[in-house]
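Summary of structural features
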Amino acid sequence: MIDVIAAAQIQDARLLALATHWQDALEDAGTPPSFEQLQPRLGPDLLNIHWLVEEQGHPRRFRYLSIGEHVKLAYGGSIVGRYLDELVKRSAQPRVMGYFDTAISRPAVVHIAGRVYAEATRPASGERLLLPIADEKTGRVSRILGATTHSWVSPNNPSGPVPIRQVRTYIPLDGTDSWSETSL
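In this text the structure is predicted, and so the values were computed from the model without any measurement.

Let's talk about the pairing of strand S8 (residues 166–172)
With six of seven residues buried, S8 lies mostly within the body of the structure. Relative to S8, strand S3 (residues 108–116) is paired through seven bridges, and the arrangement is antiparallel. Its bridge partner lying in S8, Gly 114 is registered against Gln 166. The pairing of S8 with strand S9 (residues 179–183) spans five bridges and is antiparallel. Each residue of the ladder has a partner; that of Val 167, found in S9, is Thr 182. Hairpin remark: S8 followed by S9, antiparallel, with six residues in the connecting loop; positive phi at Gly 175, about 85°.

This is the structure in structure tokens:
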């Protein structure tokens, strides 16, 4: 069984709580939980920073199903119903789609720390967690429950220093070794 807390250096208490809830549900069922299974465990603090995407089509695209208020702040409004590739600059799509793809295809937990919204005019400092989630109807891992903390007080307006890099840690659910990469 994987240990997300040991493998990733999660700093934010809300992300730690989310990782713990997800890992407990994974251990209980033996498979990634659905959002519907986790939702009752998520209080207002977690729902505020959450986002939920579902993979759709071939080639794969990720459509936002729900987001919290903190995420709305980053985008200046709701992005529900929109696709990731509509929101991310073309130059950043290989990197961003890469970690979304890994979360679902492998599947793996992905933790990102440092520079977030890196492709924005004025990036933010923060953390992001991507958790593979099963579709409640099919049981297939086709969703990602994510959470993002960021230093923006309004879109493209960060407070405090912004790191020049981000560290991405991948924790495969099959128990193989986790790995990290740094870029930007």
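Picking up where we left off.
Description of the pattern of salt bridges
On inspection of all chains with the given rule, the structure shows 14 salt bridges. Where Arg 168 meets Glu 181, a salt bridge forms, and the shortest distance between an N and an O atom there is 3.0 Å. Here Glu 181 lies in strand S9 and Arg 168 lies in strand S8, a separation of 13 residues in the sequence. Given the relative accessible area of 5%, Arg 168 is considered buried.

Thresholds, definitions, all that
- Residues numbered from 1 in each chain as written.
- Predicted model: local features only at pLDDT ≥ 70, side-chain atom pairs only at ≥ 80, totals over all residues.
- Heavy atoms only, no water.
- Buried < 20%, exposed > 50% of the residue type's maximum accessible area, 1.4 Å probe, protein only.
- Helix = DSSP H or I, 4+ residues; strand = E, 2+ residues; numbered from the N terminus.
- Pairing = 2+ DSSP bridges.
- Salt bridge = Lys/Arg side-chain N within 4 Å of Asp/Glu carboxyl O.

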